[in-house]
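Next come the chains, spelled out residue by residue.
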Amino acid sequence: MAITKPAPQRVEPEGRHLNSPLLLTIVMLVLVLLQSPIRRALAAPVMQSWTTVFVAVMVQALPFLVLGVLLSAAIAVFVPPSFFARALPGRPALAVPVASAAGAVLPGCECASVPVAGALVRRGVTPAAALAFLLSAPAINPIVLTATAVAFPGNPEMVLARLVASLLVACAMGWLWLRLGRADWLKPPSHPSHDGQSKGEAFWGSVRHDVMHAGGFLVVGAMAAATLKAVAPESWLRAAAGNPVLSVLALAVLAVVLSICSEADAFVAASLSQFSLTARLTFLVVGPMIDLKLFAMQAGTFGRSFALRFAPATFALAVLVSVLTGWVIL
C-alpha cells in the first residue's frame, strides 16, 4: 500500500511582518533616541499652550463619552426596535415630531443613531420619522445636554438654544423628506450586525466599536482645537470671529470636518472662545447631524443617492436654524 506523504507546510520567513510587540519596541527605541529634541520641543511656549488645551478638552469630555457609549450600547442591544415602532403615531406627519422628541431616550452619539434609524425603517416605521430620530437623537439626549451645560457654565441659555435648534432641524428635515423624498432614493438597510450573537457579546461589541470610533474622533477634535488655539495667528481668529457671517460658516464647516462625537463637541466649542455664541451654537447643531463620518455611515446604511441629497439639505437647514435660534435666544 502506497504511503502518501503529507504536503510540506510553507513556513513564512521570520521577520517578514511587523507584529504589535515589535512595532511597540521600535517606537519606544525611537522615542528614547529622540528624547532630547522631543523635550526641547515640548518646552516651547506654543507646545505648552497646545498641551494645556488638549488635556483640558480630553479630561472634560471623556467621562461623558464613556457614559454615553455604555448607555447607547445597552439601549441598542436590550431595547427592541419594535418598541419605537409601537410608540409612534400612525400618521407620518405626526410621527415626525414624536420621533424627534423620542431622540432624548437614546443617550449616545451619532454613531449609534444611524443603525437605530436603519432598524426603525426595517420594522416599518415611515422613513421621515426614522430620519428625524436620526438627526435629533445625538443632539438632544440628556448626556449631550448635560455636557453642554458643564462646558458653558456661564451661559445656560446654550443648552436651551441647542435643544430648540436641533429639534426644529430634525422636524423640518423629516417633514421635508415626507414632502419631497422618493422611495428610490432610499436603499433598504441591511440586516442588523448583531445577529447570531448573545446579548453580552453584542453589548461589548457595540461598546468597542463606539469607543474606537468616537474616541478616535474626540482625540482628533481635541488636537484640532488645541492647534487652532495655540498655532493660528490671533489676527486670523479675530478676523474670522469678528465677521458674523464668516464666523458662522467657518465653525459650521469645522464641525463637518472634525467629526467630533456629540457627547464631547461642547467642550471643543467652549474652547473656541474667540467666536460668538451663535457661531458656536452652529458648531453644536451641525456637527451631530452631518459630518464626514456620518456621511459615510448614512451612505453605507441608506445608499449614496440618499446621502448626496440628505446631507447638503441638512447642512443648509442646520446653519439657517442655528442663526435664527441664536438671534432669538442668545
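In this text the structure is predicted, and so the values were computed from the model without any measurement.

Points about the overall build of the chain
Helix and strand content of the chain: 16 helices and zero strands. Sorting the 330 residues of the chain into buried and exposed places 43% on the buried side. Long-range contacts, defined here as pairs at least 24 residues apart, represent 83% of the contacts in the chain between residues at least 6 apart. Counting only carbon and sulfur atoms, one obtains 70% of the accessible surface of the chain, whose full area is about 16,900 Å².

Notes on the pattern of salt bridges
Under the counting rule described, the total for this entry stands at one salt bridge. For Asp 265, the salt bridge is made with Arg 162, and the minimal N-O distance between the two is 2.9 Å. Here Arg 162 lies in helix 9 (residues 157-180) and Asp 265 lies in helix 13 (residues 265-271), a separation of 103 residues in the sequence. Residue Asp 265 is classed as buried on the basis of its relative accessible area of 2%. Classification of Arg 162 as buried rests on a relative accessible area of 0%.

Description of the UniProt feature "transmembrane region" (unreviewed entry) in the chain
Those places that UniProt annotates as "transmembrane region" (unreviewed entry) correspond, in this numbering, to residues 53-80, 128-152, 159-178, 211-228, 240-260 and 306-329. Annotated as 92% helix and 0% strand, the span residues 128-152 places its first and last C-alpha atoms 33 Å apart. Overall, residues 240-260 shows 86% helix and 0% strand. The separation of its end C-alpha atoms is 21 Å.

Quick word on the side chain of Asn 141
Of note, Asn 141 is situated in the loop between helix 7 (127-140) and helix 8 (142-151). A polar contact is formed between the side chain of Asn 141 and the backbone oxygen of Ala 137, at a distance of 2.9 Å. Here Ile 143 takes part through its backbone nitrogen, which lies 3.1 Å from a polar atom of the side chain of Asn 141.

Quick notes on the nonpolar core
In this structure, Phe 152, Phe 275, Phe 283, Val 286 and Phe 302 are the most contacted members of the largest nonpolar core, which totals 65 residues. Residue contacts for Phe 275: discarding those within four places in its chain leaves Leu 237, Ala 240, Ala 241, Ser 247, Leu 251 and Arg 280.

Thoughts on helix 14 (residues 277-286)
For helix 14, the tally of buried residues reaches 10 of 10 residues, placing the bulk of the element in the interior. Along helix 14, the positions that sit buried rather than exposed are Leu 277, Thr 278, Ala 279, Arg 280, Leu 281, Thr 282, Phe 283, Leu 284, Val 285 and Val 286. If you follow the buried residues of helix 14, they end up packed against helix 8, helix 9, helix 12 (244-258), helix 13 and helix 16 (304-329).

Regarding the packing of helix 5 (residues 92-102) against helix 9
Packing of helix 5 against helix 9 leaves a shortest axis separation of 9 Å and a crossing angle of 150 degrees. Taken together, the axis directions place helix 5 and helix 9 in an arrangement best described as roughly antiparallel. Note on packing geometry: the crossing formed by helix 5 with helix 9 is right-handed. Two secondary-structure elements touch here, helix 5 through Pro 92, Ala 93, Val 96, Pro 97, Ser 100 and Ala 101 and helix 9 through Leu 167, Ala 170, Cys 171, Gly 174, Trp 175 and Leu 178.

Thoughts on the confidence of the model for the chain
When pLDDT is averaged across the chain, the result is 79; 77% of the residues are at 70 or more. Of the regions scoring below 50 in pLDDT, residues 11-16 engages in one contact with residues more than four places distant in sequence or in other chains.

Overview of a nonpolar patch on the surface
Judged by side-chain polarity, Leu 22, Ile 26, Val 30, Leu 33 and Leu 34 come together as a nonpolar surface patch covering roughly 450 Å² of accessible area. Along the chain, Leu 22 turns up in helix 1 (residues 20-33). For Leu 22, a relative accessible area of 38% translates into the label partly exposed.

Points about the packing of helix 14 against helix 16
Following both chains from N to C, one finds helix 14 and helix 16 inclined at 140 degrees, their axes separated by 9 Å at the closest point. Here helix 14 lies oblique to helix 16, going by the angle between them. Classified by chirality, the crossing of helix 16 by helix 14 is right-handed. Contact with helix 14, carried on its side by Thr 278, Leu 281, Thr 282, Val 285 and Val 286, involves Phe 315, Ala 318, Val 319, Ser 322, Val 323, Thr 325, Gly 326 and Trp 327 of helix 16 and no other residues of that element. Of the residues contributing to the contact of helix 14 with helix 16, the split by class is eight nonpolar, five polar and no charged.

Section: the packing of aromatic side chains
Throughout the structure, instances matching the rule amount to five aromatic pairs. With a centroid separation of 4.8 Å and an interplanar angle of 20 degrees, the aromatic rings of Phe 306 and Phe 310 are classed as stacked. Here Phe 306 pairs with Phe 310, and both are found in helix 16, just four residues apart, close to one helical turn. Accessibility classification places Phe 306 together with Phe 310 in one group, the buried group. Ring pairing ties together the aromatic residues Trp 177, Trp 185, Phe 302, Phe 306 and Phe 310, which thus form one cluster.

A short note on helix 12
Under the 1.5 Å per step criterion, the end-to-end length of helix 12 is 21 Å for 15 residues, consistent within 8% with the ideal 21 Å. When we look at burial in helix 12, the residues that qualify are Ser 247, Val 248, Leu 251, Ala 252, Ala 255, Val 256 and Leu 258. Just beyond helix 12, the residue with positive phi is Ser 259, at close to 55 degrees.

Quick word on the environment of Ala 255
Relative to the assigned elements, Ala 255 resides in helix 12. According to the relative accessible area criterion, Ala 255 is buried, its value standing at 4%. In this structure the C-alpha to C-alpha distance between Ala 255 and Leu 284, which are 29 residues apart in sequence, comes to 7.6 Å.

What counts as what
- Residues numbered from 1 in each chain as written.
- Predicted model: local features only at pLDDT ≥ 70, side-chain atom pairs only at ≥ 80, totals over all residues.
- Heavy atoms only, no water.
- Helix = DSSP H or I, 4+ residues; strand = E, 2+ residues; numbered from the N terminus.
- Buried < 20%, exposed > 50% of the residue type's maximum accessible area, 1.4 Å probe, protein only.
- Contact = heavy atoms within 4.5 Å.
- Areas by Shrake-Rupley, 256 points an atom, 1.4 Å probe, with all protein chains shown as cover.
- Salt bridge = Lys/Arg side-chain N within 4 Å of Asp/Glu carboxyl O.
- UniProt positions renumbered as here; feature names shortened; annotations may be inferred.
- Polar contact = N/O pair within 3.5 Å; in protein donor to acceptor, adjacent residues only side chain to side chain.
- Core = buried A, V, L, I, M, F, W, Y, C linked by side-chain atoms within 4.5 Å.
- Axes fitted to C-alpha atoms, helices over the stretch in contact; angles between N-to-C directions.
- Parallel < 35°, antiparallel > 145°, perpendicular 65-115°, else oblique.
- Left-handed = near helix turned anticlockwise from the far one by under 90°.
- pLDDT = per-residue confidence, 0-100.
- Patch = residues over 30% accessible without salt bridge, like charges linked within 9 Å, V, L, I, M, F, W, Y side chains within 5 Å.
- Nonpolar A, V, L, I, M, F, W, Y, C, P; charged D, E, K, R; others polar.
- Phe/Tyr/Trp six-rings, centres within 6.5 Å; stacked < 30°, edge-to-face > 60°.
- Expected span 1.5 Å × (residues − 1).

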